[in-house]
Amino acid sequence: MLRYALLRLLGAIPTLLLVIVLAFLMVHAAPGGPFDAERTLPPEIEANIARAYHLDEPLPAQFVRYLSGVLKGDLGPSYRYRDHTVSDLIANAFPLSLKLGGMAMLLALFIGIAAGSFAALRRNSAIDRLTMVVSMTGISVPVFVIAPLMVLLFAVKLRWLPAGWSGNEGVARFVLPVISLALPQIAYIAKLTRASMIDVLSSNFVRTARGQGLGAYAVIRYHALKPAMLPILSYMGPAIAAILTGSVVVEEVFGIPGLGQFFVRGALNRDYTLVLGIVIFYATLIVLLNLVVDILYGVIDPRIRQR
Amino acid sequence: MLRDMISLRLVLLVALGLTLVSCGNPVDPKAEVTTLHRGLSIDPESVDPHKSRSVQAAEVLRDIGEGLLSYSASGELVGGVAKEWTVAEDGLTYTFLLRDDARWSNGDPVTAEDFAFSFRRLVDPDTAAFYAEMLGSIVNVRTIIAGEKAPQDLGVVAVDERTLVITLDQPTPYLLSLLTSPSTFPVHPDSIAQHGDAFTRPGNLLSNGAYKLDAWEPGSVLVLSRNEYYWNNDETAIDAVNHHVLTQEMTELNRYRAGEIHITGSVPPDSIQQIRAERPAELHIAPYLGVYYYGFNLTKPPFKDNPQLRAALSMAVDRDVLVEQITGRGEAPAYSWVPPGVNNYEPRRLAYADMSQDERNAHARRLIKEAGYGPDNPLQIELRYNTSDTQQRMALAIQSMWKDALGIETTIINEEFQVLLANTQAREITQVFRSSWIGDYNDAHTFLSIMESDNPANQPAYASEEFDSLMQRAAQQVDLDRRRLWLEEAERVLLADHPGIPLYFYVSKHLVSPDVVGWGDNVLDYHYSQHLSLVPAGATP
Amino acid sequence: MSARTRFWASLRSSRTAAVSGGALAVIALIAIIGPLISPHDYLQTDFSKILHAPSIANMQIFGTDDLGRDLFVRTMRGAQVTILVAVVASVVSLLIGVLYGMVAGFIGGRVDAVMMRLVDTLYALPFIFFVILLMVVFERSLLLIFVAIGAVNWLDMARIVRGQTLSLREREFVQAARLTGVSPLRIIIRHIAPNLLGVVIVYVTLTIPQAILLESFLSFLGLGIQEPQTSLGALVDAGVNQMEGASWMLLIPAALLALILMCFNFLGDALRDVFDSRRFR
């Protein structure tokens, strides 16, 4: 068991290394440097800055220096947010992005499954079509259109919700961003649920239950729901990736200091360390996640371990 | 499939947990404090005055720090930490006497040695400060930056606790206004000794300004609160200031309209019309010390040694259309290099400034012919600008102006800011490029000096002996009126050579809530929070 | 009846597919013909006509934008670009994914394991980040946008194709072909590829909306297509800023974008229904 885990862990290391090298090369290949600005600096000052940040060293040397830092757990100082280290920034931003994404996922599942089941029950009726078309807007209108529209309506005109993030407390400021992020997923999940639920509802054991006089709601809850969930499960992977993508835009629109925002800022500012740090962080996270799941899988199904 | 189920459960569990956690955030019990909410378009790089250079950083630094001099609420140069000063007759020695009651936020007095230490730190090569050369005329600055002399050799000496003497190697009439800049603010030597680089963290950071830094959430907000030890604390009306980092202009506008922000950092150009209709009194647009221009790469054809071509392109631009239709925020069309409103200066104007646009176009066509271009030798040029809606519109407009008036094909190339900068500095592939200059201090020198041949900020690579020598003469002048004449003549020479096309002069634009009292538009766009107060009814949004 | 004939028959009988497919064809037609018959050019600025509301006069049925350019023509050009980007990007990811998946599935064994391990690795990379980095590193061009989107999207296709190939490989007719010594290449071309067609087509119609949205995100971030070229995503992004003043600048491109996305989604669903029995495992 332990051996299995260790083997998998070791296998993950070349993956990570590849990711780091790739990201490092890409970031340094981008034209322009982290300290370029509107004002051209006198050459002596540029030289001083390059020296202070080791940018005057040859690329391989910079890479080695960076890598040894990473192995010690030091992701370096941010080149743009000079008073903060990359680890600090990630430590503040990640939980926020996670909360946002997690809430969006929950909301999407909840509403998506409910809507899809409802539509499946009232199949081919006007309500079914309506539900489907409405949820389709979630995937047909980009989030950077929906979000400002919602802000305009609910925050500026109606003043029901805060218009922004900073300086506001509590759950209220999560509402609009989470909804914006969840909308596209609600559509997909509703569609998937509906299709799968229709299949399940027409299967024999369900028809038997109905024949025995079980109400629609009970049928869904006790018989149909679980099997109908299978396609949703397979969709979880892509769903998480989609939420990650969407979060970049949502964070930008609402001014939320999450990882997506920092990455975009970092790429545009040529903040090498920040960009690399985020890439490494995510890659490590996903690798670890896969590892944990694999281990659990191995625990549950011993046959796998023998591979 | 089993795998998927496990992943799903994990994810759901984590998500649920986090949701519950965030629901439990208690609201901070706030005492009745007046809090001003200001919008900032980007995080400061740093609150270390020597490690930052952006306009946004300067805004925050002006609230938490103070230099030898400062500006009053009405925009006049007044004493900051220095209560009086004398200048020697030759203009090379300045003696400052510091206030007795100037203190750091932990009660320590602000001493002359603090300033001397800070200036040395500014020019120290190891600090790698962006603005190390800002006080370039102080004795030994250049050699220290180049590493040839030690920081101790800097011409800044603390004679005693309260007296600071600065020695220059050339007269610098605008030195006093330079000393209002955040790069010249003092840092607390003991803090640096104790905390090293971490001295900038909230909690460690000592401030000698009206406010101190309580917290900084990058990407979100900087929280400042009153510095009780500030010498002018009694005059400071507002207790706390929140600088909200809002990178999207529309988001900032929405928050302003929702009443969450009192002062915005800027105004989205697309919304100006609407704002003028909805809330005209809150819109503050004022001239700002900055010029926006298209520079020519003078090191390569077709613009090298071709003043007629440059003049023609400059003439064919209809600046009125640009400021009315494209930027539309009340900018002034630029027919000079130095903006209006600069201290003790009357800008020169381009020779064709008084012609009508049609006349200019006709003249320009003649010049193009003279330069050797025509239907059989068509001119094709490239124009580079950085990614931004307004820049794009500007470039598109000028592209069609040059096409319609002169028959020139211009390819417009949109580059990311960093890329544009790198290309402009390299001078290999650029022909026409978008550029601008914001003045560092209220003097014509800051706008003209960038065109001196040895100035790294000289993007077009303009090298005119006549211009350089005129600037030199101006630099030697102690008499301010004589100096002004030399500078004006230098500008005239510059304009006649057309190293670039000045297009418009900047304006500062803010939305200021009617609850804010004491806002004064000024040409430097400095708005110290300590000069403002809030009407009691709408104090906390 | 061969699989192919059955496929076309079911497809024709699906109303949703017909309607969506038809709508897309109509849009494509208008997008191509529109700019040709309109008196306006999509590049021509006109400062006397900034932000005019839609009107019949002067043939400016969609109004003008903030530089006085006719919005109808620009929207049509934008639609052309959007559809082009999406189709090409999907084809790119299709080619890479199918090739990769087929090879991995067919050869099997160690090679397959290594190839799939690589795919897993690449999955670990948050692809939006790499797209952003790509756009930042290289000159922003239409070509690059295709490549960037295609390069990150092929992973799913590869996985699915590999799965299908693996199962197809075990089918009797393939086994028979191998036993009788038919060359692997011929097997792939004659037996495996045609049976992948269904899966691939369904997948392509589903990745196209993804690609379209991704391109619009890039425009939002300022990394997308460059002026004066435009895409629906870029038009929508510009329109958001004029939301209150000149709402047509937002509504028209957004409506068209939404319509196109919905059609592709419905079409994809209909196709998927047709392939129900051969679903990916």
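Residues numbered from 1 in each chain as written. Chains lettered and ligands numbered in written order. Predicted model: local features only at pLDDT ≥ 70, side-chain atom pairs only at ≥ 80, totals over all residues. Heavy atoms only, no water.

Observations regarding the overall build of chain C
(1) Moving on: Secondary structure assignment for chain C yields 10 helices and zero strands.
(2) Moving on: Each helix (α) and strand (β) of chain C, taken in turn from the N terminus, gives the series α-α-α-α-α-α-α-α-α-α.
(3) Moving on: Across the 281 residues that make up chain C, the buried fraction comes to 56%.
(4) Moving on: Of all intrachain contacts in chain C linking residues separated by at least 6 positions in sequence, the fraction that spans at least 24 positions is 71%. (Helix = DSSP H or I, 4+ residues; strand = E, 2+ residues; numbered from the N terminus. Buried < 20%, exposed > 50% of the residue type's maximum accessible area, 1.4 Å probe, protein only. Contact = heavy atoms within 4.5 Å.)

Notes on the sheet that holds strand β4 (residues 82-87) of chain B
All names here are of chain B.
(1) Moving on: Read from one edge of the open sheet, four strands run β4-β5-β7-β6, paired in antiparallel fashion. Every interior strand has two partners, whereas the edge strands, β4 and β6 (156-160), have only one. Looking at each pair of strands side by side, their axes are set apart by 20° on average, direction ignored.
(2) Moving on: Contacting β5 (93-98), β6 and β7 (163-167), helix α3 (residues 112-123) runs over the sheet at an angle of about 165° to β6. (Pairing = 2+ DSSP bridges. Axes fitted to C-alpha atoms, helices over the stretch in contact; angles between N-to-C directions.)

Some details on the sheet that holds strand β16 (residues 500-511) of chain B
Across a sheet, paired strands are connected by hydrogen bonds in the backbone, their directions being either parallel or antiparallel.
All names here are of chain B.
(1) Moving on: Overall, mixed pairing links the six strands, which are arranged β12-β16-β11-β15-β13-β14 in an open sheet. Edge positions in the open sheet fall to β12 (332-333) and β14 (409-415), since each of these has one partner strand only.
(2) Moving on: Contacts from helix α12 (residues 389-406) reach β11 (283-296), β13 (380-386), β14, β15 (432-438) and β16, with the element oriented near 170° to β14.
(3) Moving on: Its contacts with the sheet put helix α13 (residues 417-426) on β13, β14 and β15, and the angle it makes with β13 is roughly 130°.

Comments concerning the nonpolar core
Residue and element names in this part refer to chain B.
(1) Moving on: Ranked by internal contacts, the top residues of the largest apolar core, which has 210 residues, are Leu 68, Phe 96, Phe 119, Leu 164 and Ile 166.
(2) Moving on: Phe 119 has contacts with Leu 68, Leu 135, Leu 154, Val 156, Leu 164, Ile 166, Leu 179 and Thr 184, leaving out every residue within four places of it along the chain.
(3) Moving on: Counting 76 residues, the second largest nonpolar core, distinct from the first, contains Leu 289, Leu 448, Val 493 and Leu 503. (Core = buried A, V, L, I, M, F, W, Y, C linked by side-chain atoms within 4.5 Å.)

Considering helix α5 (residues 127-137) of chain C
(1) Moving on: Across the 11 residues that make up α5(C), a large majority, 10, are buried.
(2) Moving on: All of the buried residues in α5(C) are Ile128(C), Phe129(C), Phe130(C), Val131(C), Ile132(C), Leu133(C), Leu134(C), Met135(C), Val136(C) and Val137(C).

Side note on the pattern of salt bridges
(1) Moving on: The tally for this structure, following the rule as stated, stands at 29 salt bridges over all chains.
(2) Moving on: The residue Arg265(A) makes a salt bridge to Glu252(A) at a minimum N-O spacing of 2.6 Å. Remark: Glu252(A) occurs in helix α10 (residues 230-254) and Arg265(A) occurs in helix α11 (residues 259-269); sequence separation between them is 13 residues.
(3) Moving on: For the salt bridge of Asp270(B) with Arg393(B), the shortest nitrogen-to-oxygen distance reads 2.9 Å. In this pair, Asp270(B) sits in the loop between α7 (249-257) and α8 (272-278) while Arg393(B) sits in helix α12, placing the two residues 123 residues apart along the sequence. Both residues of the pair, Asp270(B) and Arg393(B), count as buried.
(4) Moving on: It is possible to trace a salt-bridge network through shared partners that takes in Lys157(A), Arg257(B), Glu278(B), Arg279(B), Glu282(B) and Glu244(C). (Salt bridge = Lys/Arg side-chain N within 4 Å of Asp/Glu carboxyl O.)

Observations concerning helix α3 (residues 59-71) of chain A
Count 3.6 residues to each turn of an α-helix, and residues three or four apart come out pointing the same way.
All names here are of chain A.
(1) Moving on: Taking 1.5 Å per residue, 13 residues should reach 18 Å; α3 reaches 18 Å between its end C-alpha atoms and fits that length.
(2) Moving on: By the burial criterion, the buried members of α3 are Gln 62, Phe 63, Tyr 66, Leu 67, Gly 69 and Val 70. Projected onto a plane normal to the axis of α3, the buried residues spread over an arc of 160° and lie on a single side. In α3, the exposed positions that point more than 90 degrees away from the buried face belong to Pro 60, Val 64 and Leu 71.
(3) Moving on: The first or second residue beyond α3 is Gly 73, which carries a positive phi of 90°. (Expected span 1.5 Å × (residues − 1). Arc of directions from axis to C-beta.)

Comments concerning the interface of chain A and chain B
Much of the literature gives interface size as the accessible area that the parts lose upon coming together.
(1) Moving on: On the chain B side, the residues contacting the 71 residues of chain A number 74 residues.
(2) Moving on: In this assembly, chain A and chain B are joined by one salt bridge.
(3) Moving on: The salt bridge partner of Asp88(A) is Arg201(B), with a shortest N-O separation of 3.0 Å.
(4) Moving on: For the interface between chain A and chain B, the tally reads 15 residue pairs in polar contact (both at pLDDT 80 or more).
(5) Moving on: Counting only elements with at least two residues in the side of chain A that touches chain B, the list comes to α2 (43-52), α4 (86-121), α6 (143-157), α10, α11 and α12 (272-300) of chain A.
(6) Moving on: Residues belonging to the side of chain A that touches chain B are distributed by class as follows: 38 nonpolar, 15 polar and 18 charged. (Polar contact = N/O pair within 3.5 Å; in protein donor to acceptor, adjacent residues only side chain to side chain. Nonpolar A, V, L, I, M, F, W, Y, C, P; charged D, E, K, R; others polar.)

Let's talk about the environment of Ala422(B)
(1) Moving on: On the secondary structure map, Ala422(B) appears in helix α13.
(2) Moving on: You can call Ala422(B) partly exposed: its relative accessible area is 26%.
(3) Moving on: Ala422(B) has contacts with Gly32(A) and Asp36(A), leaving out every residue within four places of it along the chain.

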